[in-house]
Amino acid sequence: PSQSHNFWDFIETMKKYPSKNLRFAVNSNLGVNEKSIQRLIDATHELDIKEFDLYTSCEAFGEQAEYIRDGLNYQQWRANLVNFLENANPKTFRALTIMMTINSLCLFSIIDFLEDMKLLKAKYGHHRPNLDLNILRWPAFMSPLALPDDVKIKLRSDLVKWYDENKDSDLFVQ
């Protein structure tokens, strides 16, 4: 019979076989308890690797983010994000990337989200976090293109104004 392996088994195996040229990337929704985040932080200190990257997803702020991403607790997600930023091994921790899926719902709080991320970048550096924006195309009813024209025009105006005020900030400058 085959033995079932999980992420932590994989980490234990990696500890036994160092790889000084390996860049290890983990994708997490960061919706885990403190013990699990601590184990992930510990792995950044225990693995003998070249670099460690963490990926997560979010594109809206607070309750809006929780509505979009079923099961997300924004405060817990953010607390785990900050805990990782502050405690991951600085010798191997390279970048934390937030994958943003731009959809019709996130546009109503995206500026608040970007402001929140700007605060983190100012404190932790320009790669912490990185923001990776991708436009949602399917399902079509969730695409920003499905919004009424007057709403699209207002949201676009708000985003252009915010961008013009922030284009030289740590959020965009590297």
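Provided above is the structure to which this section pertains.
As the structure is a computational prediction, the values presented were derived from the model and not from experiment.

Engineer: So what exactly am I meant to see when it comes to the packing of helix α2 (residues 34–46) against helix α4 (residues 74–87) here?
Structural biologist: Packed helix pairs are specified by the crossing angle of their axes together with the interaxial distance, meaning the distance between the axes. Across the interface, α2 lies against α4 with an axial gap of 10 Å and an inter-helix angle of 20°. Between α2 and α4, the interaxial angle falls into the category roughly parallel. With respect to the hand of their crossing, α2 and α4 are arranged in right-handed fashion. Contacts between α2 and α4 pair I37, L40, I41, T44 and H45 from the former with N80, N83, F84 and N87 from the latter. Per-class residue counts for the contact of α2 with α4 are four nonpolar, five polar and no charged.

Engineer: I'm lost on the environment of S19 in this one. Help?
Structural biologist: Mapped onto the fold, S19 is located in strand β1 (residues 19–27). For the pair S19 and D48, spaced 29 residues apart in the sequence, the C-alpha separation amounts to 6.2 Å. Ignoring sequence-local partners within four residues, the contact set of S19 consists of D48, I49 and K50.

Engineer: So what exactly am I meant to see when it comes to the pairing of strand β2 (residues 49–57) here?
Structural biologist: Sheet faces and side chains relate simply in a regular strand, where the side chains alternate between the two faces. With respect to burial, β2 is a largely interior element, seven of its nine residues being buried. Each parallel crossover has a hand, and the one from β1 via α2 to β2 is right-handed. Of the strand pairs in this sheet, β2 and strand β3 (residues 93–102) are connected by six bridges, and their pairing is parallel. Each bridged residue has a counterpart across the sheet, and for Y55 the counterpart in β3 is T97.

What counts and what doesn't
- Think of each chain on its own: its residues are numbered from 1, step by step along the sequence as written.
- Where totals are concerned, whole chains, interfaces and linings use all residues; where local detail is concerned, this predicted model gives features only for residues with pLDDT of at least 70, and gives and counts side-chain atom pairs only at 80 or more.
- Values shown for side chains rest on all heavy atoms present in the structure; no hydrogens or waters enter the calculation.
- For helices, the fitted line uses only the C-alpha atoms of the stretch in contact; every axis is such a line through C-alpha atoms, and the angle between N-to-C directions lies from 0 to 180 degrees.
- The helix and strand labels rest on DSSP assignments: H or I over at least four residues marks a helix, E over at least two residues marks a strand, and numbering proceeds from the N terminus.
- What sets the label is the angle itself: under 35 degrees gives roughly parallel, over 145 gives roughly antiparallel, 65 to 115 gives roughly perpendicular, and the rest give oblique.
- When the near helix sits turned anticlockwise from the far one by under a right angle, the crossing is termed left-handed; a clockwise turn instead gives a right-handed crossing.
- Here, two residues are considered to be in contact whenever any of their heavy atoms come within 4.5 Å of each other.
- Polar here means any residue other than Ala, Val, Leu, Ile, Met, Phe, Trp, Tyr, Cys and Pro, which are nonpolar, and Asp, Glu, Lys and Arg, which are charged; Gly is therefore polar.
- Exposure is judged per residue with a 1.4 Å probe applied to protein chains only, and the accessible area is read against the type maximum: over 50% gives exposed, under 20% gives buried, and values in between give partly exposed.
- Orienting the strands away from the viewer, one traces the path from the first strand over the helix to the second; a clockwise path indicates a right-handed crossover.
- The criterion for strand pairing is that DSSP finds at least two bridges linking the strands in question.

Purely geometric numbers; function is a separate question.
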